[in-house]
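Secondary and tertiary structure notes
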Amino acid sequence: MLDFRIIEYGSCDYQDMVALRDEVLRKPLGLTFTAEYLQQEINDFLIGGFLQEGDKTMLAGCCILTPVSENTVQLRQMAVSPLLQGKGIGRDIILFAESHAVSNGFGILTMHARKEAVGFYQKLGYEICGDEFTEVGIPHYEMKKNLIK
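Before going into details, it helps to say that this report is about the structure given with it. (Residues numbered from 1 in each chain as written. Predicted model: local features only at pLDDT ≥ 70, side-chain atom pairs only at ≥ 80, totals over all residues. Heavy atoms only, no water.)

The next subject is the pattern of salt bridges. Summed over the entire model, instances satisfying the criterion amount to 9 salt bridges. A salt bridge links Glu-41 to Arg-21, with the nearest nitrogen and oxygen atoms 2.5 Å apart. Highlighted residues: Glu-41 in the loop between α2 (35-39) and β2 (45-53) and Arg-21 in helix α1 (residues 12-26), separated in sequence by 20 residues. For the pair shown, Glu-41 and Arg-21 are each scored as buried. Among the salt bridges present, the one from Glu-132 reaches Lys-115, with a minimum N-O distance of 3.2 Å. Residue Glu-132 is located in the loop between β6 (127-128) and β7 (133-135), and its partner Lys-115 is located in the loop between β5 (108-114) and α4 (118-123); the two are separated by 17 residues in the primary sequence. (Salt bridge = Lys/Arg side-chain N within 4 Å of Asp/Glu carboxyl O. Helix = DSSP H or I, 4+ residues; strand = E, 2+ residues; numbered from the N terminus. Buried < 20%, exposed > 50% of the residue type's maximum accessible area, 1.4 Å probe, protein only.)

In structure tokens form, the structure reads like this:
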């Protein structure tokens, strides 16, 4: 069972979050984070899903919600620990992020989904909006879901 919490920018949990995102999302593409890039996250919702293993707590996965308008928030930097992928953690993180978005007054969640992850998001009710595009050197689609029915 995951324990979800909002991570404080700059905290130890935040450093773990950056390390996980770097391992899963950046290093495979030969990219790194810059201080300027990370500074832009200071006002975002930083979401972490933690697993308790004995007396240790481990960051299992994370994502960022960035407000883009009064009603719309963008999901970014979704990552699950490679050791834990395929166990439903990504789905649980998305469901928590959706709930958090709604409770903060957002009705629409958008994202730039990597092409290989489109099927995962479609199973959770997201729809492709527009044509394939390239971001960080790989194919992406913009996807969107209305959170309020």
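Further remarks concern α1. Taking 1.5 Å per residue, 15 residues should reach 21 Å; α1 reaches 20 Å between its end C-alpha atoms and fits that length. Looking at α1, one finds that the buried residues are Tyr-14, Met-17, Val-18, Leu-20, Arg-21, Asp-22, Val-24, Leu-25 and Arg-26. Packed against the buried residues of α1 are α2, β2, β3 (56-67), β4 (72-80) and β5. (Expected span 1.5 Å × (residues − 1). Contact = heavy atoms within 4.5 Å.)

The next thing to look at is the side chain of Thr-66. Take Thr-66: it is sitting in strand β3. Its relative accessible area of 16% is what places Thr-66 among the buried residues. For Thr-66, the side chain forms a polar contact with the side chain of Asp-44, separated by 3.1 Å. For Thr-66, the contacting residues outside a window of four places in its chain are Asp-44, Val-73, Gln-74 and Arg-76. (Polar contact = N/O pair within 3.5 Å; in protein donor to acceptor, adjacent residues only side chain to side chain.)

Counting 28 residues, the largest nonpolar core has Leu-75, Tyr-121 and Tyr-126 as the members making the most contacts within it. When contributions to this core are tallied by element, the ones reaching two or more residues are β2, β3, β4, α3 (89-103), β5, α4 and β8 (138-146). Among residues more than four places away in sequence, those in contact with Tyr-126 are Ile-94, Glu-98, Leu-109, Met-111, Tyr-121, Met-143, Lys-144, Lys-145 and Leu-147. Ile-7, Tyr-14, Leu-38 and Cys-62 belong to the second-largest nonpolar core, a separate cluster that totals 15 residues. (Core = buried A, V, L, I, M, F, W, Y, C linked by side-chain atoms within 4.5 Å.)

So, about the packing of aromatic side chains. Evaluated as defined, the whole model comprises 6 aromatic pairs. Considering the side-chain rings of Phe-4 and Phe-96, the 4.6 Å spacing of their centres and the 10° angle between planes classify their relative orientation as stacked. Here Phe-4, found in strand β1 (residues 3-6), pairs with Phe-96, found in helix α3; they are 92 residues apart in sequence, far enough to count as distant. Aromatic rings pair up to connect Phe-120, Tyr-121 and Tyr-126 into one cluster. Directly above the aromatic system of Phe-50 lies the positively charged group of Arg-5, at a separation of 3.7 Å from the ring centroid. Sitting over the face of the ring of Tyr-37, Arg-26 holds its NZ or CZ atom 5.0 Å from the ring centroid. (Phe/Tyr/Trp six-rings, centres within 6.5 Å; stacked < 30°, edge-to-face > 60°. Lys NZ or Arg CZ within 6 Å of the ring centre and 35° of its normal.)

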